[in-house]
Protein chains: 2
Amino acid sequence: METSEKLLIRSLEMFMRYGIKSVSMDDIASEMGMSKKTLYQYVKDKRDLVNQSVNYHFTQDREACSRVLGHSSNAIEQMLDIASHVIQMMRQMNPSTIYDLRKYYPEGWKKFEEHRKVFIVSCIRDNIQNGKENGLYRPELSEDVIAKIYITLIDASVNPTSELAELQNYSEIIRQVIDYHLHAITTHEGREYLYKHIEALNL
Amino acid sequence: METSEKLLIRSLEMFMRYGIKSVSMDDIASEMGMSKKTLYQYVKDKRDLVNQSVNYHFTQDREACSRVLGHSSNAIEQMLDIASHVIQMMRQMNPSTIYDLRKYYPEGWKKFEEHRKVFIVSCIRDNIQNGKENGLYRPELSEDVIAKIYITLIDASVNPTSELAELQNYSEIIRQVIDYHLHAITTHEGREYLYKHIEALNL
DNA sequence: ACTTTAAACACTCACAAAGTTTCCAAATTA
DNA sequence: TAATTTGGAAACTTTGTGAGTGTTTAAAGT
């Protein structure tokens, strides 16, 4: 493994575990068993390291999502599998990491959020098309509209000041959002399938 | 509820959720709906607030432990119930909070750790006496020695550089430590009881 | 032996935030 | 109602951490 990749992985681990502000470049250099001077041969500055490691995380996560989607046998199962994956992933996200990203690296956060939205929108559009072809989703649905509605709900689910934040925890929020979403878009046939499988949603 | 108590509770929530360094006095004042000037009427400085809120947490936790112990029907059940409680409590402890305490408030951390050890030692000593009287623990056990061994294991369980840190997660560490400890100190009768109940240890 | 590399650590400086002060509106008291 | 007190909002000063750079020197490589 290349040192530069190892650096991203280790930095990401530390940022995710302890938050970003608390982890100094001295800490990272020490963790990597190298001097700070050497560390700066790999990254321009801390901002660069933060952005690179966050992008690395996004890339890994996107690939994991694609693998999950590739294993799902129909559109509803895709949504349930992705929800399950998202719940697992968010369990590893330390609130302080998000807090620090928003507070100290707002541009990086915005870019990350934009990329994430583009990816989610793409997944939802594909999923709607797939669901229509399966006969599980209502044929009159507009991919664009549903994707925008879904993103609205997902944005609210991670916003500490939203109505949704009052729910018990993130797993419960996602569960409710998925339940709502799938009921909104399924045909009668789709709903029969949904009733049989939603209890398997892994919390 | 008194404002000063509410301040401790809210501060503790924020520190536990986002870490200590990331949460500024501005953030706390804003969260409390008061100005920084008013905030400083309640605490001397940030250090004071951190120490007070950590002590508050310790006091609450100690009381919860005492309640748990009061409901246990014998010495082994006490240990299993406390382990379960500790696992639940540690699930809420953000690694970044501990990291920040150790890094930026070492004296406060040391004092907190000392108090915690004294409390644990006291619980273990009582538990050993209780277990001997029940006939569940070996009569030749020395309370002092066993308490010291147990503290050694507990210290290692929260030290990121220890051998124990290689285990999967904290719940697993505690489970293994409790299993080990109880096997070490039980009589034949105690071990029969233990086999029947250790699977109920809440992970 | 000579050259290159990188660790360890010293150093400078920027900047965030701790803590203090000011202004002024709101609340309380007489 | 007027006077006094209180506390919010924000400006301000100070402090200290840590980002990033530079130096020394030992270790590694040729």
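Before any of the text, the structure's been laid out above.
Residues numbered from 1 in each chain as written. Chains lettered and ligands numbered in written order. Predicted model: local features only at pLDDT ≥ 70, side-chain atom pairs only at ≥ 80, totals over all residues. Heavy atoms only, no water.

With that out of the way, let us pick up the interface of chain A and chain B. Facing 16 residues of chain A, the contacting portion of chain B comprises 16 residues. At the boundary of chain A with chain B, total buried surface from both sides reaches about 1200 Å², with 51% on carbon and sulfur atoms. Three residues, A:Tyr18, A:Ser22 and A:Tyr99, lead the burial of chain A against chain B; their summed loss comes to 44% of the area buried on that side. At the surface where chain A touches chain B, the tally comes to two salt bridges. With a closest N to O distance of 2.3 Å, B:Lys103 and A:Asp27 form a salt bridge. Sorting the residues of the side of chain A that touches chain B by element identifies helix H1 (3-18) and helix H6 (95-104) of chain A as the ones contributing at least two each. In terms of residues, the side of chain A that touches chain B owes the most to one element, H6(A), which gives six residues. Taken together, the residues that form the side of chain A that touches chain B break down as six nonpolar, five polar and five charged. (Contact = heavy atoms within 4.5 Å. Buried area = accessible area lost by both parts, 1.4 Å probe. Salt bridge = Lys/Arg side-chain N within 4 Å of Asp/Glu carboxyl O. Helix = DSSP H or I, 4+ residues; strand = E, 2+ residues; numbered from the N terminus. Nonpolar A, V, L, I, M, F, W, Y, C, P; charged D, E, K, R; others polar.)

So, about the relation of the copies chain A and chain B. At an RMSD of 0.0 Å, chain A and chain B line up after a rotation of 179 degrees and a shift of 0.1 Å along the axis. Taken together, the rotation angle and the small translation identify this as a two-fold axis. A share of 100% of interface residues in chain A that are also interface residues in chain B marks the association as one of identical surfaces. (Least-squares fit on C-alpha atoms with pLDDT ≥ 70 in both.)

Here we come to the protein's contact with DNA strand D. Neighbouring DNA strand D are 15 residues; A:Met25, A:Asp45, A:Lys46, B:Thr38 and B:Tyr104 lie closest to it. The contact atoms of DNA strand D, taken as those within 4 Å of the protein, divide so that sugar and phosphate hold 62%. Within the side chain of A:Lys37, one N or O atom sits 3.4 Å away from a base oxygen of DNA strand D. Elements represented by at least two residues in the surface near DNA strand D include exactly helix H3 (36-42) of chain A together with helix H3 (36-42) of chain B. Partitioning the surface near DNA strand D into residue classes produces four nonpolar, five polar and six charged. (Near = heavy atom within 4 Å. Polar contact = N/O pair within 3.5 Å; in protein donor to acceptor, adjacent residues only side chain to side chain.)

All names here are of chain B. Counting through the fold element by element, Asp61 comes out in helix H4 (residues 46-71). Although Asp61 lies buried, it forms no salt bridge, and the closest oppositely charged side chain, Arg116, sits 6.4 Å away as judged by the N-O distance. When neighbours within four sequence positions are excluded, Asp61 is seen to be in contact with His85 and Met89. (Buried < 20%, exposed > 50% of the residue type's maximum accessible area, 1.4 Å probe, protein only. Lys, Arg positive; Asp, Glu negative; His and termini not counted.)

For helix H6 (residues 95-104) of chain B, the set of buried residues is B:Ser96, B:Thr97, B:Ile98, B:Tyr99, B:Asp100 and B:Leu101. Where H6(B) is buried, its residues touch H1, helix H2 (25-32) and H6 of chain A together with helix H1 (3-18), H4 and helix H7 (106-134) of chain B.

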